[in-house]
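Survey of secondary and tertiary structure
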Amino acid sequence: MSAPRRRPARTPHNSTGGAAQGRRVQPARRVAYDVLRAVNDSDAYANLLLPSAITAASLSPQDAALATELTYGALRRRGTYDAVIASAAGRTVDEIDPAVLDALRLATHQLLSTRVASHAAVNESVNLVAAELGRGPAGFTNAVLRRISRDTPGQWQERIEQAARSDDERLGLRTAHPVWVIRALRRALTAEGRADELEDLLDADNAAPEVTLVALPGLAEAGEPRRPYAATAFGSPGGDPQRVISASGGTVRVQDEGSQLVALALTAAKPIAEGEKWLDLCAGPGGKTALLAAVARQHDVTLEANEVVPARAGLVRGALKAVPGDVTVHEQDGRDLTAANPGGFDRILVDAPCTGLGALRRRPEARWRKSPADVAELAPLQAQLLSGALDALAPGGIVAYATCSPHLAETSGIVAEVLRGRDDVTELDAAAVVSDLVESPIDLAGDGTGRVQLWPHRHGTDAMFLALLQRNPQE
């Protein structure tokens, strides 16, 4: 029995064909399936789409938890599940209708990685495919899932690993990471002398991160439990963090602790002088901008922000609403803005566009969506933004170059490339700056340059990178 290829799925919740008669799909599975389809078919981001989908479906807390587990589990382990599905189906996943394949991924996650009863996982998935695509695809789905359900998770893992062509491919199947990502992460850890931490890092990428909140300085107080490093960071007290956020009027919001540390390091790199002018060059969606704005407000500093994508610029303006005062938000190419303002700023944050490999815990789809070609494509832009920011510094001014990626070609490689062409810039010891501002000791292995690389497995943060560069004072 074969699965039809590239047949358009009917609109969710509105299937009226005969195959759909009497086929009721459990709401949590429906939400998970719809989100998975949007992620894989329309390049949506699960962490942005899933909360609104749960709200729109009025899911109970229990069903919301199930929808979240199914969505993120299927996304995180997609490569592993695809290998299992291909083996069970006797064909490559490219030969399976994408809409059927997403249903198979959700079901495979339930069969191999959850306590959901096998018959429930199979029957619900078959009903879902029948309602969406008809009896033929439903029959194919039933056959594949019954084949998967006959063997244990350990047996399937052993089977797919035996077919691996290299140790790295075998590790990728075990930890659900593409081989190129594994190799990039190994190189970054090796630069710190910590290559033996690779499997701990890969495991951390597959663990659901705890929700971290930021209390904007001077506007809100950090609650409990406190996070170990940033004075502004604390954990969600339980339940829906939106209640705390709403009650604060926006002065408390969700933000990874690593992201907070990057912004705070720029403000702590040297004493703040009244009247300074700051710029957040790549500001969307605005979390770091709001934190910088709160600190700037405490020191009579002017802050400007820039975001080239209009929709993201709107998010920046929304993030700034909770901070009293005016922050100009430009909508320009950052390279043009810095070129038009030589020597115009005292501190600039360059949170450069990157592959996002440091946030795989939060955006698990990124590992399957990105490729080495993306690194090569982004590198020239990253170097140009950093170089332009340095030109836009006043003498003695500081740039914080940050990425949410540990890939050396996006981090130290960019810094080294830009510094090779300049004799008017000095690199500061960012590790010393961060060590001085944190609330408890932090293990920053470093590569001898003073640059900072945070890690999920070591610090409980996203894998944020930070370098601090200072324009030499005029003699």
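Heads up: these notes are all about the structure in this document. (Residues numbered from 1 in each chain as written. Predicted model: local features only at pLDDT ≥ 70, side-chain atom pairs only at ≥ 80, totals over all residues. Heavy atoms only, no water.)

What about the overall build of the protein?
In terms of helices and strands, the protein carries 21 helices and 11 strands. Computed over C-alpha atoms, the radius of gyration of the protein comes to 24 Å, within 12% of the 23 Å expected from 2.2 N^0.38 for 475 residues, which places it in the range of a compact globule. Dimensions of the protein, computed from C-alpha atoms along their principal axes, come out at roughly 80 × 50 × 40 Å. For the protein, the proportion of its 475 residues judged to be buried stands at 55%. For the protein, contacts bridging at least 24 residues in sequence account for 74% of all contacts bridging at least 6. (Helix = DSSP H or I, 4+ residues; strand = E, 2+ residues; numbered from the N terminus. Rg over C-alpha atoms; globule rule 2.2 N^0.38 Å. Buried < 20%, exposed > 50% of the residue type's maximum accessible area, 1.4 Å probe, protein only. Contact = heavy atoms within 4.5 Å.)

Looking at the pattern of salt bridges
For the coordinates displayed, the defined rule picks out 34 salt bridges. A salt bridge links Glu427 to Arg451, with the nearest nitrogen and oxygen atoms 2.7 Å apart. A residue pair is termed long-range when its members are at least 10 positions apart, and Glu427 in strand S9 (residues 425-427) and Arg451 in the loop between helix H20 (430-437) and strand S10 (452-453) qualify at 24 residues. Overall, the relative accessible area of 12% leaves Arg451 in the buried class. Salt bridges linked by common partners bring Arg37, Asp41, Asp82, Asp102 and Arg105 together as one network. (Salt bridge = Lys/Arg side-chain N within 4 Å of Asp/Glu carboxyl O.)

Let's talk about the nonpolar core
Val434, Val452, Leu466 and Leu468 are the most contacted members of the largest nonpolar core, which totals 51 residues. Elements with a minimum of two residues in this core: helix H13 (257-268), helix H14 (287-298), strand S5 (302-306), helix H15 (310-320), strand S8 (393-403), H20 and strand S11 (465-471). Excluding residues that lie within four positions of it along the chain, Leu468 makes contacts with Ala265, Ala269, Ile398, Val399, Ala400, Thr426, Glu427, Leu428, Ala430 and Val433. (Core = buried A, V, L, I, M, F, W, Y, C linked by side-chain atoms within 4.5 Å.)

Considering the packing of aromatic side chains
The relation between two aromatic rings is expressed through the spacing of the ring centres and the mutual angle of the planes. Across all of its chains, the model carries 1 aromatic pair by this definition. With 6.3 Å between their ring centres and 70° between their planes, Tyr401 and Phe465 make a pair best called edge-to-face. Linking Tyr401 in strand S8 with Phe465 in strand S11, this pair joins segments that are 64 residues apart in sequence. Note on Tyr401: relative accessible area 0%, which makes it buried. (Phe/Tyr/Trp six-rings, centres within 6.5 Å; stacked < 30°, edge-to-face > 60°.)

A short note on H20
Those residues of H20 that fall on the buried side of the exposure criterion are Ala430, Ala431, Val433, Val434 and Leu437. End-on, the buried residues of H20 take up no more than an arc of 160°, which puts them together on one face. Turning to H20, the residues buried within the fold contact H13, S10 and S11. Among the residues of H20, the N-terminal cap falls to Asp429, whose side-chain oxygen and the backbone nitrogen of Ala431 are separated by 3.2 Å. (Arc of directions from axis to C-beta. Polar contact = N/O pair within 3.5 Å; in protein donor to acceptor, adjacent residues only side chain to side chain.)

A look at helix H10 (residues 179-191)
Note on helix geometry: an α-helix contains 3.6 residues per turn, so any two residues three or four positions apart are oriented the same way. Along its 13 residues, H10 runs 19 Å from first to last C-alpha, staying within 8% of the 18 Å computed at 1.5 Å per residue. Those residues of H10 that sit buried are Trp180, Val181, Ile182, Ala184, Leu185, Ala188 and Leu189. Just beyond H10, the residue with positive phi is Gly193, at close to 75°. (Expected span 1.5 Å × (residues − 1).)

Things to note about the environment of Pro178
Summarising the element assignment, Pro178 is placed in the loop between helix H9 (167-175) and H10. With relative accessibility at 13%, the residue Pro178 sits in the buried group. Separated by 192 residues in sequence, Pro178 and Lys370 place their C-alpha atoms 9.6 Å apart. Those residues within four positions of Pro178 in sequence are excluded, and the remaining contacts are Arg367 and Trp368.

Digging into the environment of Thr71
As for its position among the elements, Thr71 is in helix H3 (residues 61-76). Residues Thr71 and Arg253, spaced 182 residues apart in sequence, show a C-alpha to C-alpha distance of 24 Å. Apart from the residues within four sequence positions on either side, Thr71 is in contact with Ala32, Val35, Leu36, Ala46, Leu50 and Leu106. One polar contact links the side chain of Thr71 to the main-chain carbonyl oxygen of Ala67, over a distance of 2.7 Å.

Observations regarding the environment of Pro473
On the secondary structure map, Pro473 appears in the segment after S11. On the basis of relative accessibility, which here comes to 54%, the residue Pro473 falls in the exposed class. Put simply, Pro473 and Gly396 are 77 residues apart on the chain and 4.6 Å apart in space, counted from C-alpha to C-alpha.

With respect to the pairing of strand S4 (residues 277-280)
Pairing geometry for S4 and S5, over 4 bridges, is parallel. Bridge pairing in S5 places Trp278 opposite Leu303. Handedness of the crossover joining S4 and S5 through H14 is recorded here as right-handed. Alignment of S4 against strand S7 (residues 345-351), held across 3 bridges, turns out to be parallel. Across the sheet, residue Asp280 finds its bridge partner in S7, namely Leu349. (Pairing = 2+ DSSP bridges. Right-handed = clockwise from strand over helix to strand, strands pointing away.)

So, the sheet that holds strand S1 (residues 212-215)
Taken in spatial order, the 3 strands make up an open sheet running S2-S1-S3, and their pairing is antiparallel. Looking along the sheet, the strands with just one partner apiece sit at the ends: strand S2 (233-235) and strand S3 (252-254). Across the sheet, the mean angle from the axis of one strand to that of its neighbour is 35°, orientation sign disregarded. The pairing of S1 with S3 spans 3 bridges and is antiparallel. Each bridged residue has a counterpart across the sheet, and for Ala215 the counterpart in S3 is Val252. Sitting on the sheet, helix H12 (residues 241-248) touches S1 and S3, and the angle it makes with S3 is about 145°. (Axes fitted to C-alpha atoms, helices over the stretch in contact; angles between N-to-C directions.)

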